[in-house]
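Structural overview for review
Letter by letter, the chains look like this.
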Amino acid sequence: MIQNITTTYPKKYGITEKKKAEIDQLTNEVIDAQNEVEQLQAIVNSLTDKSSKLQILLTADEANKASTLANKEAIDAIIDNVIDLLINSKTTFQGTVNGDKQIKKLAVSIDDVINKLIYSAEVVNKLSNLITRKKAQNPLISDELVTMATNAGTDANNAVALTLTALNSVFAAQTTAIEAEGVMSLELLQAIRLYEFITGEDLSDVVNEEVTVFVAKLYEFKKKKIIIVDITQEEIEVDVQKANIKELIYKAYQTAALRYQITLKACKNAAEQLSEAEGRLSKATIKLNSLEAGLAAANAAALAS
């Protein structure tokens, strides 16, 4: 009888210990799974916070990029307007200079004409006086001839007077042209200085060229736009002390565009990392739920036995 009791007892003991070992193993696996879920949840929370902050930064960078782009487009429009002003100033100045040259030629021509008119008037007046004297000596000389000679002398004197008036008008026009030339020269010079200040371009080589050459050169500058492609921070470094306005505004846009590209890339990377972490968390959660269900079943089976 004692021998039979000894034979059955180890078997029952072995079954109980096996179930307990299985429950302990499941419990450890649940604890490990819980730790993994907590770690992954912390990673997801951190990546979510990181992604949110990057989205805020991306919005700010996008607004800054749009603002600097607007400044770039504005400086391009200003440069175009200054170029148009330069072309108009140069054309008007050249026209004023040419007009002054023509006025000088006209003054020389009128001076030549007036000298000839004065000489002709003197001749006509002498002839008129001679005919008048001859009329006094010879009544047979026609009165009509005397009248014609007198009128011719008067007309000659009037012609001289009118030509002198014309000459005075030419001199006045020349004075006005000289003043206009000075004003247009100053306007052209100031427009050139403004353009050079904004763009850093040197117009000293073309400022004295003919209008066609000057305009052609300006149109080359007008077409000269900085194309924004793939850029790096090293490529947009600029010496602020030496840079011109156009360069500074262009570089500001390039910097904003580069910063936006960097932030956009970081946002995409963060979104990918978050998606991957959420996937891992989902799998870990499913595994934990499965282990917890298995542990609960094992505990229930142990209690039932």
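Now for a look at the structure at hand. Predicted, not measured: the structure shown is a model, and the values here were computed from it.

Check the secondary structure of the chain and you find four helices and zero strands. For the chain, the sequential pattern of α-helices and β-strands runs α-α-α-α. When each of the 305 residues of the chain is scored for burial, the buried share is 28%. In the chain, the proportion of contacts linking residues at least 24 apart, taken out of those at least 6 apart, comes to 84%.

On to the packing of aromatic side chains. Tallied over the full model, the rule gives zero aromatic pairs. The ring of F214 carries the charged tip of K90 above its face, separated from the ring centre by 5.4 Å. The ring of Y250 carries K246 above its face, with NZ or CZ at 5.6 Å from the centroid.

Together, D202, D205, E209 and E210 give the surface a local cluster of negative charge. In this structure, D202 sits in the loop between α2 (143-199) and α3 (211-223).

Residue position: L167 is located in helix α2. L167 sits 58 residues away from S109 along the chain, and the two C-alpha atoms are 9.6 Å apart. With residues up to four places along the chain from it excluded, the contact list for L167 reads A107, I110 and D111.

A complete count under the given rule lists three salt bridges for this structure. With a closest N to O distance of 3.2 Å, D24 and K20 form a salt bridge. Remark: K20 and D24 occur in helix α1 (residues 2-137); sequence separation between them is four residues, near one turn of the helix. Residue classification places D24 among the partly exposed residues on the basis of a relative accessible area of 35%. Residue K20 is classed as partly exposed on the basis of its relative accessible area of 47%.

To continue, consider a nonpolar patch on the surface. A grouping of L194, F197 and I245 is seen on the molecular surface, where their side chains present a nonpolar patch of about 260 Å² in accessible area. Mapped onto the secondary structure, F197 falls in helix α2.

Here we take up the environment of L26. Looking at the element boundaries, L26 is found in helix α1. Taking the C-alpha atoms as reference points, L26 and G294, 268 residues apart in sequence, are found 7.5 Å from one another. If near-sequence neighbours (up to four positions away) are discounted, L26 is found in contact with G294, L295 and A298.

Here is what the cut-offs are and how they apply
- Residues numbered from 1 in each chain as written.
- Predicted model: local features only at pLDDT ≥ 70, side-chain atom pairs only at ≥ 80, totals over all residues.
- Heavy atoms only, no water.
- Helix = DSSP H or I, 4+ residues; strand = E, 2+ residues; numbered from the N terminus.
- Buried < 20%, exposed > 50% of the residue type's maximum accessible area, 1.4 Å probe, protein only.
- Contact = heavy atoms within 4.5 Å.
- Phe/Tyr/Trp six-rings, centres within 6.5 Å; stacked < 30°, edge-to-face > 60°.
- Lys NZ or Arg CZ within 6 Å of the ring centre and 35° of its normal.
- Patch = residues over 30% accessible without salt bridge, like charges linked within 9 Å, V, L, I, M, F, W, Y side chains within 5 Å.
- Areas by Shrake-Rupley, 256 points an atom, 1.4 Å probe, with all protein chains shown as cover.
- Salt bridge = Lys/Arg side-chain N within 4 Å of Asp/Glu carboxyl O.
- Lys, Arg positive; Asp, Glu negative; His and termini not counted.
- Charge placed at Lys NZ, Arg CZ, Asp CG, Glu CD.

In short, shape yes, function no, at least from these values alone.
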